[in-house]
Structures are given as structure tokens and as C-alpha cells.
Amino acid sequence: KKGGGAFAADYDAYTLRCIFGDNSATLTGGGVYGVRTHLAIITNNFAQDGGGASDASFGTCLFSGNVATNRGGAVCEGNLDSCTVAGNSAGNEGGGISGAAANYSIIYHNSAPLYPNCDTNSAVADSCTTPSSGFNNFTNDPAFANLATGDYHLSSNSLCINYLYSPNPSDP
């Protein structure tokens, strides 16, 4: 029901440099549930809420191609630091994140009928997203190298370069 790729009931598990892809869960956290995750790719996962992940913390991760039938295409109820969230979708709201906190992240080019990137229950700061809400965010397109092919590296002209730096990055 939860955490199709990785599950931790007590939030005491930790992963480093992993790929969570093509997983599903009937309820929440299609790829990851309750696991501290760093330097990971979470892609093409599916769940009702939190298609990519739920109830977990993430540092320097990429979320793409995840789908939630309800909310939080990439993440529902989690914490993100220095992550890229792009190309995810939700059937209801929060195509990128829902009920999550994000800092120094890019949350852009996601889709949902309501709040395609971040829903109103999300707290976003020092990040690139649209529409801008929260603290010290900006709405400029992140200028990915090739959005059409899923290359989420930043182009040399991206305004995100040198802007989205976490002064206290999570130690893996």
C-alpha cells in the first residue's frame, strides 16, 4: 500500500545514490515512503498520493515522470532540499509537490488541474517555481538543457546557476 520501491515505517532508513523507478503503491509513496533519501533519481512511479514519494526527506534528488491520481505527483508530505522536481503530474492538485516543504529547489514544468507545481499546503523558500509563493522564490524558467528529452541539467544561461545554493547542504 505504501512505498513501492522503499518503505520504512519508523523513518529510520537511509538511502544514498539510488534510482527508484517504475514502482507503484496503492495508497501513497509509489517510489519511496518514510526513507531519508540523498543523491537519488525518483522516476516513473505511481500512487494515489505522492506518485514519486511520501512522508520522507530528500537531498539533491531528481523527481521526474511520477504520477499521482490525486495529489503530489512527485512528493506528498515530505521535505526537499536542493532537489529538481519536473515533468510530474497529479490528477487533482500539486503536480509537483503537495503538503511538502522545499528549499533551494527547482519545481517547474509539472502538471495538475489545480496548482501544477506546488499546492497551497506546501512551504517553498529560496527556490525556482511558479507561481511564486513562499519566501525568496523566483519564477524564471530554469532553462533545462533539453526538457523534451528529460535532460534536466541546467543550461549555461540558467538563472538557477549560483542562485539555488544551500548554505548548509544535507550531509549524505
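Novice: Got a minute to help me understand the overall build of the protein chain in this structure?
Specialist: Looking only at helices and strands, the protein chain features zero helices and 22 strands. In terms of overall dimensions, the protein chain is globule-like: its C-alpha atoms have a radius of gyration of 14 Å, near the 16 Å expected for 172 residues. For the protein chain, the C-alpha atoms occupy an extent of roughly 40 × 35 × 30 Å along the three principal directions. Here the contacts in the protein chain between residues at least 6 apart in sequence split such that 24% fall between residues at least 24 apart. With an accessible surface of roughly 7700 Å², the protein chain has 50% of that area assigned to carbon and sulfur atoms.

Novice: Would you mind showing me how to read the sheet that holds strand β10 (residues 62–64) here?
Specialist: Hydrogen bonds between backbone atoms are what pair the strands of a sheet, whose relative direction is either parallel or antiparallel. Spatial strand order, β3-β6-β10-β14-β18-β20: six strands in an open sheet with parallel pairing. In the strand order of this sheet, the two ends are held by β3 (19–21) and β20 (128–129), each with one partner. Pairing geometry for β3 and strand β6 (residues 41–43), over three bridges, is parallel. Counted as the bridge partner of Phe 20 is Ile 42 from β6.

Novice: How should the sheet that holds strand β8 (residues 53–54) be read in this particular structure?
Specialist: In spatial order, the strands read β1-β4-β8-β12-β16; together these five strands make up an open sheet with parallel pairing. Strands at the two margins of the open sheet, each flanked by one partner only, are β1 (6–7) and β16 (97–98). Both β1 and strand β4 (residues 32–33) contribute to a ladder of two bridges, which runs parallel. Pairing of Phe 7 across the sheet is with Tyr 33, part of β4.

Novice: Help me out: how do you make sense of the pattern of salt bridges in this one?
Specialist: Any two side chains of opposite charge can pair, so long as their charged atoms come close to each other. Tallied over the entire structure, the rule returns one salt bridge. Measuring nitrogen to oxygen at the nearest pair gives 3.1 Å for the salt bridge that ties Arg 71 to Glu 77. Judged by its relative accessible area of 34%, Glu 77 falls in the partly exposed class.

Novice: What am I meant to see in the packing of aromatic side chains here?
Specialist: What describes a pair of aromatic rings is the distance from one ring centre to the other and the angle between the planes of the rings. This model, assessed by the stated rule, comprises three aromatic pairs. When the ring of Phe 144 is compared with that of Tyr 152, the centres are 5.1 Å apart and the planes differ by 85°; the resulting orientation is edge-to-face. When its relative accessible area of 9% is taken as the criterion, Phe 144 is described as buried. Taking the relative accessible area as the measure of exposure, Tyr 152 reaches 16% and is therefore buried.

Novice: Please clarify how the side chain of Thr 43 should be interpreted in this entry.
Specialist: Of note, Thr 43 is situated in strand β6. By relative accessible area, which is 16% here, Thr 43 ends up buried. A distance of 2.9 Å separates a polar side-chain atom of Thr 43 from the backbone oxygen of Ser 64. Residues contacting Thr 43, with those up to four places away along its chain left out, are Phe 20, Gly 21, Asp 22, Ser 64 and Asn 66.

Novice: Got a minute to help me understand the nonpolar core in this structure?
Specialist: The nonpolar side chains of a soluble globular protein tend to be buried, and buried together. Val 32, Ile 42, Phe 58, Phe 63, Val 75, Leu 80 and Ile 97 are the most contacted members of the largest nonpolar core, which totals 23 residues. Contact partners of Ile 42, with chain neighbours within four places excluded, come to Phe 20, Val 32, Gly 52, Phe 58, Cys 61, Leu 62, Phe 63, Ser 64 and Asn 66. The next biggest cluster of nonpolar side chains, apart from the first, holds nine residues, and it includes Phe 138, Phe 144, Tyr 152 and Cys 160.

Each value, and the rule that gives it
Residues numbered from 1 in each chain as written. Predicted model: local features only at pLDDT ≥ 70, side-chain atom pairs only at ≥ 80, totals over all residues. Heavy atoms only, no water. Helix = DSSP H or I, 4+ residues; strand = E, 2+ residues; numbered from the N terminus. Rg over C-alpha atoms; globule rule 2.2 N^0.38 Å. Contact = heavy atoms within 4.5 Å. Areas by Shrake-Rupley, 256 points an atom, 1.4 Å probe, with all protein chains shown as cover. Pairing = 2+ DSSP bridges. Salt bridge = Lys/Arg side-chain N within 4 Å of Asp/Glu carboxyl O. Buried < 20%, exposed > 50% of the residue type's maximum accessible area, 1.4 Å probe, protein only. Phe/Tyr/Trp six-rings, centres within 6.5 Å; stacked < 30°, edge-to-face > 60°. Polar contact = N/O pair within 3.5 Å; in protein donor to acceptor, adjacent residues only side chain to side chain. Core = buried A, V, L, I, M, F, W, Y, C linked by side-chain atoms within 4.5 Å.

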